[in-house]
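# Architecture at a glance
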Amino acid sequence: MKIQQYHRATSLEDAYNVLHAGSNNHILGGALWLKQIAKEIDTAIDLQDLNLHEIEQTETHFIIGSMATLYRLETAQAVNEWCDQLIKNSMQHIMGVAFRNTATIGGSIIGRYAFSDLLGPLLVLNAEVEFYRAGKMTLEAFLNERRMPQDILVAVHIPKERGQSFFKKVSNTRLDFAVLNIAMFKSKKEIRIAFGSRPGVAALAKEAMKIINQTPSWQEQRETLINALLEELKFGNNQRGSEAYRKQLAQTYLIRGIEEVMHNDR
Amino acid sequence: MIVEMTLNHQVKRFDVDHDETLLQTLRKHGVMSVKNGCNASSCGTCTVLVDGKPMLSCSLLTIRLQNKKVVTVEGLQEEVEKIGHYFGLEGADQCGYCNPGVALAIYAMKQSLANPSSEEIKTFLVGNLCRCSGHQAQFKAVKRYLGDPL
Ligand SMILES: Cc1cc2nc3c(=O)[nH]c(=O)nc-3n(C[C@H](O)[C@H](O)[C@H](O)COP(=O)(O)OP(=O)(O)OC[C@H]3O[C@@H](n4cnc5c(N)ncnc54)[C@H](O)[C@@H]3O)c2cc1C
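So, here is what we can say about the structure in this document. Predicted model, so just to flag it, every value in this text is computed and none were measured. (Residues numbered from 1 in each chain as written. Chains lettered and ligands numbered in written order. Predicted model: local features only at pLDDT ≥ 70, side-chain atom pairs only at ≥ 80, totals over all residues. Heavy atoms only, no water.)

## Focus on the site of the ligand
Contacts to the ligand come from 34 residues, most closely from A:I27, A:G29, A:G30, A:A31 and A:T104. Around the ligand, the neighbouring residues derive from chains A and B rather than from a single chain. A:G30 is positioned with one of its backbone polar atoms (N or O) 2.7 Å from an oxygen atom of the ligand. A:S108 places a side-chain nitrogen or oxygen 2.7 Å from an oxygen atom of the ligand. Summarising the interface, the protein chains cover 93% of the accessible area of the ligand, which totals 970 Å² for the free molecule. Elements with a minimum of two residues in the shell around the ligand: β2 (25–28), α2 (32–37) and α7 (105–110) of chain A. (Near = heavy atom within 4 Å. Polar contact = N/O pair within 3.5 Å; in protein donor to acceptor, adjacent residues only side chain to side chain. Areas by Shrake-Rupley, 256 points an atom, 1.4 Å probe, with all protein chains shown as cover. Helix = DSSP H or I, 4+ residues; strand = E, 2+ residues; numbered from the N terminus.)

Have a look at this one:
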């Protein structure tokens, strides 16, 4: 990766202006992904002085600054206590600690990586993303947007909701991308379920969620539940796994996940 | 651009390119314990401590490290010798290429986790690959090292 100019931003406005001053100017998160994909950058914009690495909380939400590292969030006790360790359990499957001490939350969300082990958990926690100019929107809405925003991701807001969680990443080796990942969260109100690396980007399994949330005796509805999942979400092929294998995994872990969050809620 | 940092307890000033990685800076200035394995954030041989945290120097831009504290095994002799001693006892050493990186990761783990379980040790060290001795002997050596007081 070649970098012509380096700019240490003094404010979000300053960073935003430099970002828009040239089409090949880029924000630096941890720069791990950028290093792999960007050949040449005109101006690299560093946000490290903008105090975006903190994790704060209000009465209702945790607010994760976009420059917080994955390891910082993984070891944030309060966040993980609330979400039944869902965040920690998912992040521990992303490379090693030295890697996660550099990779940022912002860089991990904005790229909408299909293989992401973080997006599914954030989806089922009903997270919102906050941009400097575009303001706040649900993570789900952001993942469905067609265009990549030329904006700065400032923070992620996670509602404080207690519940039971389940996370599973299936991969061919410990350090590889997922063949499939599944995240589940059972709050007081409902169960939410997301599948990532299908190989498409993480998405909520809304039809399956509807069935399980409306049917007290879900055990009798296993077939309906599985059919709803396979009809709604697209599972496909890539070099890590076939569509058939992914579908098999999806049904198995759908049921296991539900059993686990139900069991732990007793 | 000039970057000032503390390297192995000494204040240093480096004149670096915008895209120079810490791995390049360190090796250019004779810190040869830091190895260039995959250069793709994946193998852990380039691990150093930045403000006490293990990080991958192949993927850190030096220009971002103004006023940071960087430690390599050269700056941590006593602890590294202890780790090396247990590696020797367990036969966890062959070519030694990954040792500086893994030693720093092990030290950082001892600093941050009290009485880690076997699973926690594996999770902490999974990013430091060894391609010749296998991880089992290393794992035993780590357990023995953790038994020593810091
Ligand atoms: C070798 C390797 C293996 C990986 N394995 C996994 C895995 O198994 N599971 C997984 O979930 N992830 C994996 N990842 C992805 C990783 O966890 C991070 O999500 C990724 O590196 C991006 O984070 P970063 O901080 O490095 O972002 P960067 O590389 O700095 O940035 C990525 C993109 O986001 C932009 N950006 C960064 N921050 C902001 C911001 N605040 N506002 C606006 N734009 C911004 C950058 O300009 C760039 O376009 C892997 C990455 C690598 C390099």
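## Remarks on the packing of aromatic side chains
Residues and elements named next belong to chain A. Taken as a whole and judged by the stated rule, the model has eight aromatic pairs over all chains. Taken together, a centroid distance of 5.3 Å and an interplanar angle of 50 degrees make the contact between W33 and F115 tilted. Linking W33 in helix α2 with F115 in the loop between α7 and α8 (119–124), this pair joins segments that are 82 residues apart in sequence. Residue class for W33 comes out partly exposed when judged on its relative accessible area of 34%. When the centroid spacing of 4.0 Å and the interplanar angle of 20 degrees are considered together, the rings of F115 and F177 count as stacked. Taken together, the residues span a long stretch of sequence, with F115 in the loop between α7 and α8 and F177 in the loop between β9 (164–171) and β10 (178–186) at a distance of 62 residues. For F177, a relative accessible area of 33% gives the class partly exposed. Here a set of aromatic residues connected by ring pairs shows up, and it is made of W33, Y113, F115 and F177. Geometry around F142 places R112 over its ring, the cationic atom sitting 4.8 Å from the centre. Over the aromatic face of F62 sits the side chain of K160, whose NZ or CZ is 5.1 Å from the ring centroid. (Phe/Tyr/Trp six-rings, centres within 6.5 Å; stacked < 30°, edge-to-face > 60°. Buried < 20%, exposed > 50% of the residue type's maximum accessible area, 1.4 Å probe, protein only. Lys NZ or Arg CZ within 6 Å of the ring centre and 35° of its normal.)

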